[in-house]
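Geometric and topological summary
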Amino acid sequence: MAKKYFAGCDVGSTYTKAVILDEQGNIVAHTTIRSKINSEQSAVAAMAEVCEKAGLKDSKELSYLIGTGYGRNKVPFADENISEISCHAMGVHVTDPSVKAIIDIGGQDVKGISIDTDGTVKNFAMNDKCAAGTGRFLDVMARVLEVKVEELGDLGDKSTKEVGISSTCTVFAESEVISQLAMGTNKCDIIHGIHKSVAGRVSGLCHRIGVRDDVVMTGGVAQNHGIVKALQEQLGHEIHTTPLTQYNGALGAALFAYQKALKNK
Ligand code: ADP
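Since the structure is predicted, the reported quantities are computational estimates derived from the model, not experimental observations.

**Some details on the packing of helix H2 (residues 84-95) against helix H8 (residues 248-263)**
- It is at 7 Å that the axes of H2 and H8 come closest, and there the two elements cross at 80°. When the axes of H2 and H8 are compared, the pair comes out roughly perpendicular. Contacts between H2 and H8 involve Ser86, Cys87, His88, Met90, Gly91, Val92, Val94 and Thr95 on the former and, on the latter, Asn248, Gly249, Leu251, Gly252, Ala253, Leu255, Phe256 and Gln259.

**Concerning the pattern of salt bridges**
- Evaluation of the coordinates by the stated rule reveals nine salt bridges.
- The residue glutamate 80 makes a salt bridge to lysine 260 at a minimum N-O spacing of 3.2 Å. With glutamate 80 in strand E5 (residues 80-81) and lysine 260 in helix H8, this residue pair connects regions lying 180 residues apart in the sequence.
- Of the charged contacts, one joins lysine 111 and aspartate 104 as a salt bridge, the two residues approaching to 3.3 Å between their closest N and O atoms. There is no split in this pair, since lysine 111 and aspartate 104 are both buried.
- Each of the salt bridges in this network shares a partner with another, and the network as a whole consists of Arg72, Glu84, Asp104, Asp109 and Lys111.

**A look at the sheet that holds strand E4 (residues 64-68)**
- Taken in spatial order, the five strands make up an open sheet running E3-E2-E1-E4-E5, and their pairing is mixed. The outermost strands of the open sheet, each flanked by one partner alone, are strand E3 (27-34) and E5.
- With seven bridges joining them, strand E2 (residues 15-21) and E3 adopt antiparallel strand pairing. Counted as the bridge partner of threonine 16 is isoleucine 33 from E3.
- Its contacts with the sheet place H8 against strand E1 (6-11), E2, E3, E4 and E5, and it is angled at close to 145° to E1.

**Brief notes about the nonpolar core**
- Counting residues in each nonpolar core, the largest one holds 40 residues, and the members touching the most others are Ile103, Ile105, Val177, Ile194, Val202, Met217 and Leu231.
- Listing elements by their share of this core, those giving two or more residues are strand E6 (101-105), helix H3 (135-144), helix H4 (152-157), helix H5 (170-182), helix H6 (187-208), strand E9 (215-218) and helix H7 (225-235).
- Here this core takes nine residues from H6, the largest share from any one element.
- In this structure, isoleucine 105 is in contact with Val110, Gly133, Thr134, Gly135, Val202, Met217, Thr218, Gly219, Gly220, Val221 and Ile227, ignoring residues within four places of it in sequence.

The rules behind these values
- Numbers given to residues run from 1 along each chain, matching the order in which its sequence is written.
- Local features are withheld for residues below a pLDDT of 70 in this predicted model, meaning they are given only at 70 or higher, and side-chain atom pairs are given and counted only at 80 or more; totals for whole chains, interfaces and linings count all residues.
- No hydrogens and no water enter the side-chain calculation; it runs on all heavy atoms of the structure.
- Orientation is described by lines fitted to C-alpha atoms, with helices fitted over the stretch in contact, and by angles between N-to-C directions that extend from 0 to 180 degrees.
- To qualify as a helix, a DSSP run of H or I must reach at least 4 residues; to qualify as a strand, a run of E must reach at least 2; elements of each kind are numbered from the N terminus.
- When an angle is under 35 degrees it counts as roughly parallel; over 145 it counts as roughly antiparallel; between 65 and 115 it counts as roughly perpendicular; any other value is oblique.
- Here, residues are in contact when the closest pair of their heavy atoms is within 4.5 Å.
- Think of a salt bridge as a Lys or Arg side-chain nitrogen and an Asp or Glu carboxyl oxygen that are within 4 Å of each other.
- Exposed residues in this analysis have more than 50% of their type's maximum accessible area, buried residues have under 20%, and partly exposed residues fall in between, with area computed by a 1.4 Å probe over protein chains only.
- When DSSP finds at least two bridges between two strands, those strands are taken to pair.
- To define a nonpolar core, start from buried Ala, Val, Leu, Ile, Met, Phe, Trp, Tyr and Cys residues and group those joined through side-chain atoms within 4.5 Å.

Below is the structure:
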């Protein structure tokens, strides 16, 4: 009998992520690609890549596929779509059932999600329609500083002096960074200040949903340890990250696909 595979595809504003699980619920392949302007094209490209990695011809060979994220309605051949809030909760709950809250920072939004003991969503809050505190804010700052977002964490660690970035608005903060550079301020100190500014913005949202202990940070920005550290300092407690942080939504969708396919058996 042919083996069965289950998948999740998270079409995000910046990156599209896909995960394939086998019949035992183990991850057999995952992939991440830069999102295209068209969500359907992003999903097609990510699914083609992840299917190839798993040794499958295409998405039609999957037993169940769930779309999630910003472009979740645009995943071709998806059996259904589920909100990324539920998928993030599912992703971390299966990895670690003791987790009570999630801080997800993606390209365009920040979400605080508190989860119940069974992995369902208890409460959530999102940023307003503004880039402050999001991956986009960090992408813009990295561009101005002529560094890669991947380097921000390590560079911020080298800071020796406090530099405050007071503007939360991306456009004003960009001017502030340009002025600091013109005054000769060290890039590492500016980056540390940017991390503190993002953490300040995100911690306000965490307080709104009562995020306390057993918190996991998910999303692409969780790969920046400078943000994780700054947020820990602001909130006054430890924040965990998962190795597959950026895939967490796609993993949650794949886990839902796995459960649904088993239920329909
Ligand atoms: P979305 O689902 O909204 O597309 P993601 O969760 O994929 O967002 O996160 C995208 C953001 O993550 C980017 O805007 C970028 O700032 C940040 N990012 C991506 N890769 C890295 C990395 N290796 N290190 C630090 N930050 C990263």
